[in-house]
Amino acid sequence: MSKLIFMNNPEKIYTCNFSQIGKNQIRLIFDSEDIPSKKVYLSGCCLVNEWNPELIQANREDYKYLYRKYDNDSNIIELCNNNMPYIDNGINIAEYTPTLEEIKKTKISEFSRICNQMITNGVDIDIDGNPEHFSYTDEDQRNIKELFDIALQTNNSMYYHSNNGWCKLYSAEQIINLYISEVTNKIHHTTYFNQIKMYVESLDDKDIIFNITYGTELPREYSETYNNAMLKAIESLDLLLQNRQQILSSSKEG
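Predicted model only: the values in this text are computed from it and were never measured.

A. Representation of the overall build of the protein within the structure. Secondary structure assignment for the protein yields six helices and 11 strands. Taking 2.2 N^0.38 as the reference for a compact globule, 254 residues should give roughly 18 Å; the C-alpha atoms of the protein span a radius of gyration of 24 Å, well beyond that estimate. Projected onto the principal axes, the alpha-carbon positions of the protein cover approximately 90 × 45 × 30 Å. In the protein, which comprises 254 residues, the proportion classed as buried is 39%.

B. Broad picture of the sheet that holds strand E4 (residues 45–48). Taken together, seven strands build an open sheet; the order of strands is E5-E4-E1-E2-E3-E7-E6 and the sheet is antiparallel. Single-partner strands in this sheet number two, and they are strand E5 (56–60) and strand E6 (65–70). On average, each strand axis in the sheet is tilted by 35° relative to the strand beside it, whichever way the strands run. Sheet topology note: the E6/strand E7 (residues 73–80) ladder contains five bridges and is antiparallel. Its bridge partner being in E7, Tyr-65 is matched across the sheet by Cys-80.

C. The packing of helix H3 (residues 138–154) against helix H4 (residues 172–202), seen in detail. Two elements in contact, H3 and H4, have axes separated by 9 Å at closest approach and are oriented at 135°. In terms of orientation, H3 lies oblique with respect to H4. At the point where H3 passes H4, the crossing takes the left-handed sense. Side by side, H3 and H4 meet where Gln-141, Ile-144, Lys-145, Leu-147, Phe-148, Ala-151 and Leu-152 of the first sit next to Ala-172, Ile-175, Ile-176, Leu-178, Tyr-179, Glu-182 and Lys-186 of the second. Broken down by class, the residue content of the contact of H3 with H4 amounts to 10 nonpolar, one polar and three charged.

About the thresholds
Residues numbered from 1 in each chain as written. Predicted model: local features only at pLDDT ≥ 70, side-chain atom pairs only at ≥ 80, totals over all residues. Heavy atoms only, no water. Helix = DSSP H or I, 4+ residues; strand = E, 2+ residues; numbered from the N terminus. Rg over C-alpha atoms; globule rule 2.2 N^0.38 Å. Buried < 20%, exposed > 50% of the residue type's maximum accessible area, 1.4 Å probe, protein only. Pairing = 2+ DSSP bridges. Axes fitted to C-alpha atoms, helices over the stretch in contact; angles between N-to-C directions. Parallel < 35°, antiparallel > 145°, perpendicular 65-115°, else oblique. Left-handed = near helix turned anticlockwise from the far one by under 90°. Contact = heavy atoms within 4.5 Å. Nonpolar A, V, L, I, M, F, W, Y, C, P; charged D, E, K, R; others polar.

See the structure below:
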């Protein structure tokens, strides 16, 4: 069973059997007690991760048109993205079966989007005992890096703001911690995506590929590369902080 959200009601998670029955058509089979209204199911949908609904596994936001409904089974709803409804011409058209390469391409594309989403979403940082959230969009990355460079060289407090927060003064240590946390999160997701992509590309079983989710534990040969990359990144960041501490100690002694 798949977990599904509709764009008109993203807070509600539906359980259904999902299948791609054509290049432009999908079939949704719902539980009898949990069927979305027409206004909802014609708003586009996304398959979400079973354990973390914030992770979108498959995007079907453009499937906003009714393809077919069945008089004898109201639980089945078929949608399409080209506004071409089903026409009963007496011909039984076989369900479309994606090729292995198409499944790989779709899965990798979904993982790439999730990876970028997890990076730009940013991190939570403890500020004076309270959690504050900081996003990490391209603009955020430039701003935080500039603050980090200044804090690293001057040890001065700097003004910045968390998401939806007021601009306020942050200590040099807080600015540095923010930058290190954001960079570590970015390295984690880019490295993980690279390895899960290679893993998907190595597979030749469609069912295995379809059932892989972002966050799936990497097989040993790929996890070793991931672990080594993260270890090297952490060592480099630690060395950067050690050099800063030595400079601060020297300035105090002087």
